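# Residue-level structure breakdown
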Amino acid sequence: MNDKTQICDTILDAIGNTPLVRLPKDFDPEVKCEVLLKVDYLNPGGSMKDRIALHMVHAAEKKGLLKPGGRIVECSSGNTGAGLCVVAAALGYDITVVIPDKMSSEKIAALRALGADVVVTPCNVDIESPMHYTKVAGRIASEIEGAWWPDQYHNRDNTDAHYYSTAPELWEQCGAKLDVFVAGAGTGGTLSGMGRFFKEQNPNVKIIGVDPPGSILAHYWEHQEICDSGPYAVEGVGEEEVPGAWDPHIIDSYEVVPDIESFAMARRLAAETGIFPGGSGGMNLVAALKIARTLPADARLVTILPDYGKAYLSKVYSEDWLRDFGYLPKVGINNATVIDLMREKNKAVLFSIDNVSWAVRQAGERGVRPLPVQDGLGGELLGVFHEDRALALLAEGKDLDAMSVADCMAPAPTVLDAHAPWQEAVEALKHCEAVLVDVRGEYLSLDRRDLLQALKRLDHSA
Ligand SMILES: Cc1ncc(COP(=O)(O)O)c(C=O)c1O
């Protein structure tokens, strides 16, 4: 095991040896047993997949499949891609990652930042389609001289990485006392590799799989038949075919957790404990707590947090995204008020003492029009930022750093109360491009586009 208290020769020495953290007792008062979280998002690439990336690359080098100057080509929901990027950068390989467009923009941006050529494919295609991300990766790899496709879904070294790294590390942290291990499966590498190790140590350890509805794995485990797959939003887990790396025989039971519960749990864990998982970590914890509630006080249950919540700031951790896609309850049109139409981005206000260059930057970057100007936080509404006047001053060569926003204002448009019926915003926006909304003394802009985008958040049948 690596020692992170010493200087690491390369970032690869920082892979693994992640903390095992106790879930606070009061997180779920119905749980009597000990619940521990393997915080594997604290790997350099932000997920447990760094472990398999390193293991698969070393194995491919040994087998002569990957040679100096070679290129790694992999299909990934983002995390294996990021892990492989870390390894490729440290060892001097080129890398192409093929990723479905369902995955978060943060993950795609991170792959590019880590030096990958990124190919984005549609997520709503059949697994047999040549546009499916697994097929695209295979084709690209076959077309490039010296390219190697790890194919994590069917690579024994994926499972072995968890058998030789994650599982023994966790077993040692637990002092060989473990009763239940809970994890979701995408490729199945984590569940199968760790499950195999734990069963070998103690056949009484229960291995529990977790699946989103729409994946075929839980159904296959129970009925040994492939059912129709369906859409779900949690990333990295669930499958539409049976991956070779997934071993149903070591699994004792399966739990199915809807996206809405997974996301709510991830958000609650982050806000209440500072442990900041992605959606699949939330999914694992929902299943883990359900089982933990049935266990005696002296039992110990462990689940894993595969990746980092920061990769989902635009999704699981965005109230706008959750509302737009129905993961927060919709408000019925009979009860909806103006505040139900507001988006996070609308929280943009200028203060009269701000200078004009700052206001110009805010107007450009925040995409909010018009920007309200207040006399300090919670202070009187003075007007809105006058963009045309600012541009004229700029053209005249004025020093905008030296001028305050107070010198560059237009009168405020109609102001609505946040708790007025939402129809008031519709009526007002018939006559103007934007209104301001008084949210407890903070004045926020609402324009026609915001209104149109927000209408789908309301329950029109209510
Ligand atoms: C976020 C996340 N959670 C869980 C998993 C499942 O891990 P495994 O592929 O080992 O089954 C993955 C796999 O990509 C993942 O990205």
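The rules behind these values
Residues numbered from 1 in each chain as written. Predicted model: local features only at pLDDT ≥ 70, side-chain atom pairs only at ≥ 80, totals over all residues. Heavy atoms only, no water. Phe/Tyr/Trp six-rings, centres within 6.5 Å; stacked < 30°, edge-to-face > 60°. Helix = DSSP H or I, 4+ residues; strand = E, 2+ residues; numbered from the N terminus. Lys NZ or Arg CZ within 6 Å of the ring centre and 35° of its normal. Near = heavy atom within 4 Å. Polar contact = N/O pair within 3.5 Å; in protein donor to acceptor, adjacent residues only side chain to side chain. Areas by Shrake-Rupley, 256 points an atom, 1.4 Å probe, with all protein chains shown as cover. Domains from an automatic or database assignment. Pairing = 2+ DSSP bridges. Axes fitted to C-alpha atoms, helices over the stretch in contact; angles between N-to-C directions. Contact = heavy atoms within 4.5 Å. Right-handed = clockwise from strand over helix to strand, strands pointing away. Disulfide = S-S within 2.5 Å. Buried < 20%, exposed > 50% of the residue type's maximum accessible area, 1.4 Å probe, protein only. Parallel < 35°, antiparallel > 145°, perpendicular 65-115°, else oblique. Nonpolar A, V, L, I, M, F, W, Y, C, P; charged D, E, K, R; others polar. Left-handed = near helix turned anticlockwise from the far one by under 90°. Salt bridge = Lys/Arg side-chain N within 4 Å of Asp/Glu carboxyl O.

Under the counting rule described, the total for this entry stands at 17 aromatic pairs. Centroid distance Phe-276 to Tyr-308: 5.6 Å. Interplanar angle 80°. Geometry classified as edge-to-face. Placement of the pair is Phe-276 in the loop between helix H8 (259-273) and helix H9 (279-292) and Tyr-308 in the loop between strand E10 (300-305) and helix H10 (319-324), with a sequence separation of 32 residues. Each residue in the set Tyr-163, Tyr-164, Trp-171, Phe-181, Phe-197 and Phe-198 is aromatic and connected to the rest through ring pairs, giving one cluster. A cation sits over an aromatic face here: Lys-456 above Phe-325, 5.6 Å from the ring centre.

What follows concerns the site of the ligand. In the vicinity of the ligand there are 16 residues, among which Lys-49, Gly-186, Thr-187, Thr-190 and Ser-280 approach most closely. Take Gly-189: an N or O atom from its main chain is 3.5 Å from an oxygen atom of the ligand. Calculation on the ligand without its partners gives an accessible area of 390 Å², and the protein chains cover 98% of this total. Summarising the domain contributions, the shell around the ligand has at least three residues from each of domain 1 (11-42 + 182-312) and domain 2 (49-154).

Strands sit in the order E1-E2-E10-E7-E8-E9 across an open sheet of six strands; the sheet is mixed. Sheet topology places strand E1 (20-22) and strand E9 (253-256) at the edges, where each strand pairs with a single neighbour. On average, each strand axis in the sheet is tilted by 25° relative to the strand beside it, whichever way the strands run. Note: strand E7 (residues 180-184) against strand E8 (residues 206-211), five bridges, orientation parallel. When the bridges of E8 are listed, Gly-184 appears paired with Val-210. Lying on the sheet, H9 is in contact with strand E2 (34-39), E7, E8, E9 and E10; it crosses E10 at an angle near 170°.

The next thing to look at is the domain arrangement of the protein. Parsing the protein into structural domains produces domain 1 (11-42 + 182-312), domain 2 (49-154) and domain 3 (330-459). Once you take the C-alpha centre of each, domain 2 and domain 3 turn out to be 44 Å apart.

Looking now at the pairing of strand E5 (residues 117-121). When strand E4 (residues 94-100) meets E5, the two strands line up parallel, connected through five bridges. Bridging from a neighbouring strand, Val-98 pairs with Val-119 of E5. In this region the chain leaves E4, passes through helix H3 (residues 105-113) and returns to the parallel neighbour E5; the handedness of that crossover is right-handed.

Attention now goes to the state of the cysteines. Taken as a whole and judged by the stated rule, the model has zero disulfides. With no disulfide of its own, Cys-85 has Cys-75 as its nearest cysteine by sulfur position, at a separation of 14 Å. Free cysteine: Cys-227, not disulfide-bonded; nearest cysteine sulfur from Cys-123 at 18 Å.

Looking now at the pairing of E4. Within E4, six of the seven residues are buried, which leaves it mostly tucked inside the rest of the structure. Note: strand E3 (residues 71-75) against E4, five bridges, orientation parallel. Following the sheet pairing, Val-73 is matched in E4 by Thr-96. The β-α-β motif built from E3, the intervening helix H2 (residues 79-91) and the parallel element E4 has right-handed crossover chirality.

One way to put it is that H8 packs onto H9 with a least axis distance of 7 Å and a crossing angle of 95°. In terms of axis orientation, H8 runs roughly perpendicular to H9. Every residue of H9 that contacts H8 at Glu-261, Ser-262, Phe-263, Met-265, Ala-266 and Leu-269 is listed here: Gly-279, Gly-282, Met-283, Leu-285, Val-286 and Leu-289. Of the residues assigned to the contact of H8 with H9, the class counts are eight nonpolar, three polar and one charged.

This part covers the packing of helix H1 (residues 49-62) against H2. Contact geometry of H1 with H2 gives a least axis separation of 8 Å together with a crossing angle of 50°. In terms of their interaxial angle, H1 and H2 are classed as oblique. Relative to H2, H1 is oriented so that their crossing is right-handed. Residues Lys-49, Asp-50, Ile-52, Ala-53, Leu-54, Met-56, Val-57, His-58 and Glu-61 of H1 form the contact with H2, whose participating residues are Asn-79, Thr-80, Gly-83, Leu-84, Val-87 and Leu-91. For the contact of H1 with H2, the residue count by class is eight nonpolar, four polar and three charged.

A separate point is the sheet that holds strand E12 (residues 350-351). Within the open sheet, the four strands sit side by side as E12-E13-E14-E15. Their pairing is mixed. The two strands at the open ends of the sheet, each matched to only one other strand, are E12 and strand E15 (409-410). As paired elements, E12 and strand E13 (residues 372-374) share two bridges and run parallel to each other. Its bridge partner lying in E13, Phe-351 is registered against Gln-374. In the packing of helix H11 (residues 356-366) onto the sheet, contacts are made with E12 and strand E14 (381-385), and the angle to E14 comes to roughly 65°.

The next subject is the pattern of salt bridges. The final tally for this structure, using the stated rule, is 30 salt bridges. For Lys-107, the salt bridge is made with Glu-235, and the minimal N-O distance between the two is 2.8 Å. Separated by 128 residues along the polypeptide, Lys-107 in helix H3 and Glu-235 in the loop between helix H7 (217-223) and E9 bring together distant segments of the chain. Among the residues examined, Lys-107 registers a relative accessible area of 5% and is labelled buried. Assessed through its relative accessible area of 5%, Glu-235 is described here as buried.

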